[in-house]
Amino acid sequence: MSAKPCLRVENLHVTYDVGSTGFMGARRKLHAVNDVSMEIAAGETLGLVGESGSGKSTAGLAILRLIDVASGTVRLGETDVAGASRAELRALRKRMQMVFQDPYSSLNPSMTVAQLLEEPLVVHADVPKDERRSMVGRMLESVGLHAGYAVRYPHEFSGGQRQRIAIARAMMLHPELVVLDEPVSALDVSTQSQILNLLKKIQGDSGTAFLLVAHDLSVVRLMSPRVAVMYLGEIVETGPSGRVYDEPAHPYTAALISAVPFPDPERQRTAHRIILGGDLPSPMSPPSGCRFRTRCPFVMEICSKEAPPKVAIEGGGMASCHLHAHGPKLGGRSLVGFMKDRALVTVE
Amino acid sequence: MSDNTAPLLEIRDLSVQFPSPHGWLTVVDKVSFNVGRNDIVCVVGESGSGKSVTMQAAVGLVQPKGGRITSGSVRFDGQELVGMGNRQINRIRGNDIGFIFQEPMSSLNPAYTVGEQIAEVVRRHRGASRADAWKRAVEALDRVHIASASSRAAEYPHQFSGGMRQRVMIAMAIACDPKLLIADEPTTALDVTIQARILELLRELQRDSGMSVLFITHDLGVVADIARYVVVMYGAQVVEAAPVDDLFGAPRHPYTSGLLGAMPQVALERGHDPIAIPGTVAQAHAWPTGCRFNPRCLYRREGPCTTGALPLTSVDNGLVRCALTEELRPILGRATMVPA
Ligand SMILES: Nc1ncnc2c1ncn2[C@@H]1O[C@H](COP(=O)(O)OP(=O)(O)OP(=O)(O)O)[C@@H](O)[C@H]1O
Ligand SMILES: Nc1ncnc2c1ncn2[C@@H]1O[C@H](COP(=O)(O)OP(=O)(O)OP(=O)(O)O)[C@@H](O)[C@H]1O
Ligand code: SF4
Ligand code: SF4
Ligand SMILES: [Mg+2]
Ligand SMILES: [Mg+2]
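It should be emphasised that the depicted structure is a prediction, and the values quoted were computed from it without experimental measurement.

A. Here's a closer look at the overall build of chain B. Broken down by element type, chain B carries 13 helices and 12 strands. A compact globule built from 340 residues would reach a C-alpha radius of gyration of about 20 Å, and chain B, at 21 Å, matches this within 12%. With respect to the principal axes defined by its C-alpha atoms, chain B has extents near 65 × 45 × 45 Å. Split into buried and exposed, the 340 residues of chain B put 56% on the buried side. Nonlocal contacts in chain B, meaning residues at least 24 apart in sequence, comprise 65% of its contacts between residues at least 6 apart. When the 34 basic and 34 acidic side-chain charges of chain B are each reduced to a single mean position, those positions are 5 Å apart.

B. Inspection of the nonpolar core at higher detail. Leu117(A), Ile167(A), Tyr252(A), Leu323(A) and Leu335(A) are the most contacted members of the largest nonpolar core, which totals 74 residues. In terms of residues, this core owes the most to one element, helix 5 (residues 159-171) of chain A, which gives 6 residues. Mapping this core onto the domain boundaries places at least three of its residues in each of domain 1 (5-224) and domain 2 (251-340) of chain A. The residues contacting Ile167(A), other than those within four sequence positions of it, are Val99(A), Val143(A), Ile195(A), Leu198(A), Leu199(A) and Ile202(A). By size, the runner-up hydrophobic cluster in this structure holds 68 residues, among which are Cys42(B), Ile170(B), Leu220(B) and Leu247(B).

C. Region of interest: the domain arrangement of chain B. Residue and element names in this part refer to chain B. Domains assigned within chain B are domain 1 (1-96 + 180-188 + 213-234), domain 2 (103-177) and domain 3 (246-333). The centre of domain 1, based on its C-alpha atoms, is set 25 Å off from the matching centre of domain 2. If you look at the interface, domain 1 gives 8 residues, while domain 2 gives 7 residues. Approximately 570 Å² of surface area, both sides summed, lies buried where domain 1 meets domain 2, with 47% of it carried by carbon and sulfur atoms.

D. Broad picture of the site of ligand 3. Around ligand 3, the structure places His250(A), Pro251(A), Cys290(A), Phe292(A), Arg293(A), Cys296(A), Phe298(A), Cys303(A), Cys321(A), His322(A) and Leu323(A). Grouping the amino acids of the shell around ligand 3 by side-chain chemistry returns 8 nonpolar, 2 polar and 1 charged.

E. Representation of the sheet that holds strand 9 (residues 229-234) of chain B within the structure. Residue and element names in this part refer to chain B. If you trace the 8 strands from one edge of the open sheet to the other, you get 6-7-8-3-9-10-12-11, paired in mixed fashion. Strands at the two margins of the open sheet, each flanked by one partner only, are strand 6 (97-100) and strand 11 (313-315). Neighbour-to-neighbour, the strand axes of this sheet turn through a mean angle of 20°, independent of strand direction. Taken together, the 6 bridges between strand 9 and strand 10 (residues 237-243) define a ladder with antiparallel strand orientation. Across the sheet, tyrosine 234 pairs through a bridge with glutamine 237, a residue of strand 10.

F. Fine view of the interface of chain A and chain B. Contacts between the two partners involve 39 residues from chain A, matched on the other side by 45 residues from chain B. Summing the contributions of chain A and of chain B, the shared interface buries around 3,400 Å²; its carbon and sulfur component is 60%. One salt bridge in this structure joins Asp245(B) and Arg269(A), with 2.6 Å as the shortest N-O distance. Taken together, the links from chain A to chain B amount to 10 residue pairs in polar contact (both at pLDDT 80 or more). Contributing elements (two or more residues each) for the side of chain A that touches chain B: helix 6 (189-206), helix 7 (217-223), helix 9 (251-258) and helix 10 (265-270) of chain A. Of all the elements, helix 6 of chain A adds the most residues to the side of chain A that touches chain B, at 7 residues. Grouping the amino acids of the side of chain A that touches chain B by side-chain chemistry returns 15 nonpolar, 13 polar and 11 charged.

G. Examining the packing of helix 5 of chain A against helix 6 of chain A more closely. Residues and elements named next belong to chain A. Where helix 5 meets helix 6, the axes come as close as 11 Å, and the angle between the chain directions of the two elements is 15°. With respect to helix 6, the axis of helix 5 lies roughly parallel. In the crossing of helix 5 with helix 6, the sense of the turn from one axis to the other is right-handed. Two secondary-structure elements touch here, helix 5 through Gly160, Gln163, Arg164, Ile167 and Met171 and helix 6 through Gln194, Ile195, Leu198, Leu199, Ile202 and Ser206. Partitioning the contact of helix 5 with helix 6 into residue classes produces 6 nonpolar, 4 polar and 1 charged.

H. Structural context of the site of ligand 2. All names here are of chain B. Around ligand 2, the neighbouring residues are Phe18, Val27, Glu46, Ser47, Gly48, Ser49, Gly50, Lys51, Ser52, Val53, Gln102 and Glu185. Between an oxygen atom of ligand 2 and a main-chain N or O atom of valine 53, the distance comes to 2.9 Å. Protein burial of ligand 2: of its 630 Å² of free accessible surface, 66% is covered by the chains. The element best represented in the shell around ligand 2 is helix 1 (residues 51-58), accounting for 3 residues. Of the residues that constitute the shell around ligand 2, the class distribution is 3 nonpolar, 6 polar and 3 charged.

I. Geometry of the pattern of salt bridges. All names here are of chain B. Here the structure, examined in full by the defined rule, presents 34 salt bridges over all chains. In this structure, the salt-bridge partner of arginine 203 is aspartate 225, at a minimum N-O distance of 3.0 Å. On the criterion of sequence distance, the pair formed by arginine 203 in helix 8 (residues 192-209) and aspartate 225 in helix 9 (residues 220-226) is long-range, its members being 22 residues apart. Of the two residues, arginine 203 and aspartate 225, neither departs from the other in class, the shared state being buried. Here arginine 207 makes a salt bridge to aspartate 208, at a shortest N to O gap of 3.7 Å. Accessibility classification places arginine 207 together with aspartate 208 in one group, the exposed group.

J. View of the packing of aromatic side chains. All names here are of chain A. With the rule as written, the count across this model stands at 8 aromatic pairs over all chains. Plain terms: the ring middles of tyrosine 231 and tyrosine 252 are 4.8 Å apart, the flat faces sit at 55° to each other, and that makes the pair tilted. On the criterion of sequence distance, the pair formed by tyrosine 231 in strand 9 (residues 226-231) and tyrosine 252 in helix 9 is long-range, its members being 21 residues apart. Each of the two residues, tyrosine 231 as well as tyrosine 252, counts as buried. Between tyrosine 231 and phenylalanine 292, the aromatic rings sit 4.9 Å apart at their centres with planes inclined by 80°, giving edge-to-face as the arrangement. Residue tyrosine 231 is found in strand 9, and its partner phenylalanine 292 is found in the loop between helix 10 and strand 11 (310-312); the two are separated by 61 residues along the sequence.

About the criteria used
Residues numbered from 1 in each chain as written. Chains lettered and ligands numbered in written order. Predicted model: local features only at pLDDT ≥ 70, side-chain atom pairs only at ≥ 80, totals over all residues. Heavy atoms only, no water. Helix = DSSP H or I, 4+ residues; strand = E, 2+ residues; numbered from the N terminus. Rg over C-alpha atoms; globule rule 2.2 N^0.38 Å. Buried < 20%, exposed > 50% of the residue type's maximum accessible area, 1.4 Å probe, protein only. Contact = heavy atoms within 4.5 Å. Lys, Arg positive; Asp, Glu negative; His and termini not counted. Charge placed at Lys NZ, Arg CZ, Asp CG, Glu CD. Core = buried A, V, L, I, M, F, W, Y, C linked by side-chain atoms within 4.5 Å. Domains from an automatic or database assignment. Buried area = accessible area lost by both parts, 1.4 Å probe. Near = heavy atom within 4 Å. Nonpolar A, V, L, I, M, F, W, Y, C, P; charged D, E, K, R; others polar. Pairing = 2+ DSSP bridges. Axes fitted to C-alpha atoms, helices over the stretch in contact; angles between N-to-C directions. Salt bridge = Lys/Arg side-chain N within 4 Å of Asp/Glu carboxyl O. Polar contact = N/O pair within 3.5 Å; in protein donor to acceptor, adjacent residues only side chain to side chain. Parallel < 35°, antiparallel > 145°, perpendicular 65-115°, else oblique. Left-handed = near helix turned anticlockwise from the far one by under 90°. Areas by Shrake-Rupley, 256 points an atom, 1.4 Å probe, with all protein chains shown as cover. Phe/Tyr/Trp six-rings, centres within 6.5 Å; stacked < 30°, edge-to-face > 60°.

As structure tokens, then:
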């Protein structure tokens, strides 16, 4: 990673207030993001994967200060985002943007495409009118849409086209960082790759940093050289995508990867999968020690007693799991050899 | 009454229309396929291609939504369902045919416990006593691996996670031991670890109770995992149908082959960017003439691909609707699956 990251997040915590039904009307807090740290360089994509409800969107929203940060630091370049005042935030808005999962509800239906794309220029940059028009035309063409579409309304477009519009809108002010929250999961497989290829091209041209939130691991691997895996509000493993996918060092990552069905029936019949029992525990009362222990196939005694420390992993990145210092004492090696011994994966 | 050698479900030339600003539109166009006994058939296809409407029509659910069946027949276990009276078809649906709808979150009533909701289905269809129905509800929850089923049955939907609610929907659909389970995208909203569990569960139910499954999805990974036979839809029509190994081993229709090439997993394996299918899906009010896929097809040829409507023809072990099938055989065959 380059010396000066575009985004640096340290020990981020985010909580939600969930009613005041407790004792004496005490407010109950849901700890959705717990001690998350990450860095993204300019022009780089970091993938963020994990189970539904693990806190991926919450982390993305908090990084952009679209929701409040409970504690921790978020820096965009040299600017403090987490502690920014209202006025400072206004200036920050044009430097960071978000693309949401649902292209059907994220665009205001009463605005034309031109109005949607011009809005950030008017609100944040005060660009003169005819210049705005030509910027809109150029941006539409760069996302593969006809400049003439500017006069149309969102409902006149397919899901894939709407997602192009949403991306164009996010890119209008040449932001330094864009959080892409499941940008293709609402789209047809046949059009998903159009959008993925478009995002790669745009990033190549603009040098924008992307935080790509997705539950499709293949999409993340394809798009991002590095990946972070979340479970119940915490990052449990990070590393270069190739290493994390081929040599996972945390049992949750291993389970996640083994669960992706591959479009080859022969392979599906012979593949061994780690089927996780149980369900994601409530973040209101996370398990003691390791948060994954209620579903982990390798759980040991220590796992309920102590939170696992971060261990550096061979080939890059880190994982938080007791198996590295206890039991098989993996010492930073991947889980693959250990799982082969336990006949949890097939040996080719 | 039921002939055990005939397929469990036989859909023949089924056509469905819905009203629109452009008049009545044919959104399901002469669709035919079978589901055998103890079988798993998957239907895949583009969004809007008519997958859900086909299933809804098969079990009498399009008329209540303002649609109409304009042709075809649906035989289930020896009985014709098209034209059957409401009361009769309602009895079959829920009893012999379990149905899981595409939007699971909206299909559970937040005001009743999950046990009450399952028991209600059992009472309505089986005329069981309250106590018996409750017992069956708990059993059904247990079969879908909800831990401590007897106490969880007394909880409300909001107390369950998304994956558990999806399993509750499956429990409700199987509570009456149906012969056929129709599952419309039952795992699309879930993440892969929970999806893997639900696929395992469906396979287990099929194996242990002899139930057949008709499964709608747009994920070819899921199809490869669970299907015996696959039906591919595009533009309201079946464009290809074949046993799962044939379909993945040698896709015969350019749309199927394009869909495989667009899968990120396949692209990763082959070390290139996913190959997008260009363009967007045609709409029912403006199908292109000739092959409905032709504006997006890599192999399109003026004339054969753009003139008349194309028939579904028999090729090897399957069926395909393409004018250039023989010509494309060496190009499409296994092309997508073999590392380049
Ligand atoms: N506005 C909110 N108020 C209270 N709790 C919330 C709110 N938004 C999210 N949560 C809770 O915070 C946790 C993390 O949710 P989040 O949406 O960040 O997960 P996610 O990883 O993005 O999941 P998904 O893959 O389903 O989008 C969950 O337990 C969720 O129920
Ligand atoms: N109740 C309805 N009224 C009018 N048109 C409808 C209705 N239900 C479906 N349609 C139309 O019928 C066509 C086929 O829809 P269907 O829901 O079967 O698609 P699908 O293949 O299931 O797509 P998806 O993958 O998005 O679920 C679409 O063009 C849709 O707009
Ligand atoms: S710390 Fe223990 S419970 Fe947690 S992932 Fe590692 S082995 Fe499993
Ligand atoms: S008929 Fe022609 S356009 Fe249609 S799928 Fe076949 S080759 Fe492509
Ligand atoms: Mg989310
Ligand atoms: Mg559907």
